[in-house]
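# Survey of secondary and tertiary structure
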Amino acid sequence: MPGCYGQGEGRNISPEGLPSVPVDIHNHIFNATDVPIPGFVEQVLLRDPETPVPGGPSVARSLVRLVVDIVLAARGTPTASEELIETANLQRLPVRDGGDMLIQDRRSVEAGLVALESRVDSAGRARQGAFITDGTLPVPTGDEILFSLLATESDIPVNPVGRAGNIRDSARAGNQARQIADAIYADEAFRDDPSFKSLSERKNPDLSLIQTLMWAGLLTRSRVDILGELIRLYAHQTAKADTNDPLGSNGIKVFSPSLVDFTYWLQDGQVRDADRSGRDITDQIDLLSRMALLERGALILPFAPFCPLRAAFYRKNGNPNWLRTIQKSVDFQGFAGIKLYPPMGFLPLGNTRFDAPGSGKPRALQELGITGQEIDNELRALYDWCAAEDVPIKTHGNNSLGADACTGQNASAANWKPVLETKEWSGLRLNIAHFGGFDEERFRTAPGCPIQTQAYEWQAAALIAKYNNVYVDLGYWTDVTGSNRDQSQEIIDLLDNLLNRSENLKSRLMYGSDWTMLGRENQHAGYYNDVRKALKESVLEKSDQIAILGANALRYLGLDRRGKQFKRLTGYFKAAPQFNTIITLIRPSSNLLAVARDALNQR
């Protein structure tokens, strides 16, 4: 069959007959103006059991405040509407120097560190005053401990926390906030090598404090520059790395970034979208649609966010067309599917349970006066449309980033069973993201939440065995990457066990990075190569590994056949060279198998 592609016998071919076109099915390019700050930062840093903050709760809260300060200090972080103006007359997206971007990030990080340094000084004066008054020493503040940890990682001298006075020794060390910022970025700037180790990776690969600050700096960039960094890391540089890899060393050619809509879940009280027009989301959709056309480094196939709470609230207040607004992004703007985020506080179906007294109704529903039935109504309309128009859905599938205590469990794959059991929706193309961690088997359930012992991976595999269009992705699979590489055998064994018992899984598993969230990890630049190495160490055959890196995602996206999805995307991208290049690779005219599948309308 390789000869049917006109590529020669040496071409890497998946079991489906598709050539190797690496796809990152799970990523993001939002910046700090697209999410509610500080609510989003609190969920990421305080409710992430896999990346705990050293020093305890007080240090974690101080880190949240520092990250918020960094983000808010960047007055130049553009909104989507501002970037729409900036990109209005472009013929292609600009490629900016990575070092220049790091210098910009550094300014924001230093501003946040200066604010932290000021709070540390105030705590030191209070400590000294208390000691002079009665000889007792107050407990060190989270700010003091955090500053000490950051200074230690940066080789900046500080006094021991707990002494009667300021932990900073300004007379000896000078402006320490600036020095920490210098240390963080001095070696990182102007480097263009994925094997280069950043300061935090060299000093302590398991300590993510410094990398978290760099991630905050990343969020202050424009979306164009965040996309540029994604392509620089995984499309361009990876193509030069690991040339002896038998799977080939092609970089990612297709990225599928998802927009998120957290506003109505994470904002406190009634501070939400006052004009009820959804412009914050529609501007992001318009911008990403334009960026997808203008980008030349890779093919960009975005997913639009659907928030059933926003839709229900709008409908209740005179705007019943929010779903139609989202549908337009797929019908006319080059979006390839819909992203759902159940951990915010809703179930894929069955939200009427929250309408019973004492049912633990999510906070946001209570505040906005929305019933579970109204949430279900909006979701049912979405599923009807997706099923009828062959529109893929991508859903968060990991117990993380929940808007309220325990709502992360809404991500359980088993919660999709009632949806797929509905006859009209049994053929939905569904990607349950964040596969491969087996967290429920490896970690204790959070206190106060219903006990969970069956890993979501097994639940997803059960759905895959029954339904032909259910997929999973490896987004944020850091259990086998970076500093976890040496301890990854447990995860590989768990995956092998599941693969041996689930024959269909190997054809439904897809590669994903979860960039920009992955930017919190010290060794994120090597993520793609690390995942490929982990797959080679599993029971998967080479052809199946190739399929996971691309061909499975091409089927999920609908690019392997001439159906409604193919027609929509071809209509939008007809003049885009990056789209036509990919289509030529995966659907050449000599591919008789694809022609036959089209004739039979197979999925």
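What counts and what doesn't
- Residues numbered from 1 in each chain as written.
- Predicted model: local features only at pLDDT ≥ 70, side-chain atom pairs only at ≥ 80, totals over all residues.
- Heavy atoms only, no water.
- Helix = DSSP H or I, 4+ residues; strand = E, 2+ residues; numbered from the N terminus.
- Buried < 20%, exposed > 50% of the residue type's maximum accessible area, 1.4 Å probe, protein only.
- Contact = heavy atoms within 4.5 Å.
- Pairing = 2+ DSSP bridges.
- Axes fitted to C-alpha atoms, helices over the stretch in contact; angles between N-to-C directions.
- Parallel < 35°, antiparallel > 145°, perpendicular 65-115°, else oblique.
- Left-handed = near helix turned anticlockwise from the far one by under 90°.
- Nonpolar A, V, L, I, M, F, W, Y, C, P; charged D, E, K, R; others polar.
- Phe/Tyr/Trp six-rings, centres within 6.5 Å; stacked < 30°, edge-to-face > 60°.
- Disulfide = S-S within 2.5 Å.

### Focus: the overall build of the protein
Check the secondary structure of the protein and you find 25 helices and nine strands. When each of the 603 residues of the protein is scored for burial, the buried share is 59%. Put simply, 79% of the contacts in the protein that link residues at least 6 apart link residues at least 24 apart.

### Focus: the sheet that holds strand β9 (residues 509-510)
Pairing between the strands of a sheet comes from backbone hydrogen bonds, and it takes one of two forms, parallel or antiparallel. With respect to topology, six strands assemble into an open sheet ordered β4-β5-β6-β7-β8-β9, the strand pairing being parallel. Strand pairing shows two members of the sheet lacking a second neighbour, β4 (303-305) and β9, which therefore form its edges. In the sheet, strand β6 (residues 393-395) pairs with strand β7 (residues 430-432) via three bridges, with the strands oriented parallel. What sits directly across from Ile393, in β7, is Leu430.

### A few points about the sheet that holds strand β1 (residues 23-27)
Spatial ordering of the open sheet is given by β1-β2-β3, a layout of three strands whose pairing is parallel. Of all strands in the sheet, those with a lone pairing partner are β1 and β3 (299-300), marking the two edges. Pairing between strand β2 (residues 254-257) and β3: two bridges, direction parallel. Note on β3: the bridge partner recorded for Val254 is Leu299.

### Overview of the packing of helix α5 (residues 142-153) against helix α7 (residues 176-186)
Where α5 meets α7, the closest approach of the two axes is 9 Å, and the angle between their N-to-C directions is 45°. The angle between the axes of α5 and α7 places the two elements in the oblique class. Relative to α7, the crossing made by α5 is left-handed. Between α5 and α7, the residues in contact are Phe147, Leu150 and Ala151 and Gln176, Ala177 and Ile180, respectively. Residues of the contact of α5 with α7, tallied by class, amount to five nonpolar, one polar and no charged.

### Section: the packing of aromatic side chains
In the structure shown here, the tally under the stated rule is 18 aromatic pairs. With a centroid separation of 6.2 Å and an interplanar angle of 80°, the aromatic rings of Tyr264 and Tyr314 are classed as edge-to-face. Taken together, the residues Tyr264 in helix α11 (residues 263-266) and Tyr314 in helix α13 (residues 308-316) connect sequence positions 50 residues apart. The same class applies to Tyr264 and to Tyr314, which are both buried. Measuring from centroid to centroid gives 6.3 Å for Phe303 and Tyr556, while their planes differ by 15°, and the two rings are stacked. You can see Phe303 sitting in strand β4 and its partner Tyr556 sitting in helix α22 (residues 542-557), a full 253 residues away along the chain. Using a relative accessible area of 0% as the deciding quantity, one classes Tyr556 as buried.

### A look at unusual backbone geometry
Put simply, Ile37 and Pro38 share a cis peptide bond, and its omega is 10°. With respect to the element layout, Pro38 can be found in the loop between β1 and α1 (39-46). Following Trp515, the chain continues to Thr516 via a peptide bond in cis, the omega torsion being 10°. Along the polypeptide, Thr516 turns up in the loop between β9 and α21 (527-536). The backbone of His434 shows a phi angle near 70°, a positive value even though the residue is not glycine. Checked against the element boundaries, His434 lands in the loop between β7 and α18 (439-442). Classification of His434 as buried rests on a relative accessible area of 10%. Phi at Tyr476 takes a positive value of approximately 60°, unusual for a residue other than glycine. Inspection of the secondary structure assignment puts Tyr476 in the loop between β8 (470-473) and α20 (489-501).

### Concerning the pairing of β2
Along β2, one buried face is formed by Val254 and Ser256 and the opposite face, lined by Phe255 and Pro257, is buried too. As judged from the three bridges shared by β1 and β2, these two strands associate in the parallel manner. When the bridges of β2 are listed, Asp24 appears paired with Phe255.

### Quick notes on the state of the cysteines
As enumerated under the stated definition, the model contains one disulfide in all. Residue pairing for Cys406: its cysteine sulfur links by disulfide to Cys449, the two sulfurs lying 2.0 Å apart. Judged by the sign of its S-S torsion, about -90°, the bond between Cys406 and Cys449 is left-handed. Taken as a pair, Cys406 in the loop between β6 and α17 (417-421) and Cys449 in the loop between α18 and α19 (456-466) lie far apart in primary sequence, 43 residues in all. According to the relative accessible area criterion, Cys406 is partly exposed, its value standing at 25%.

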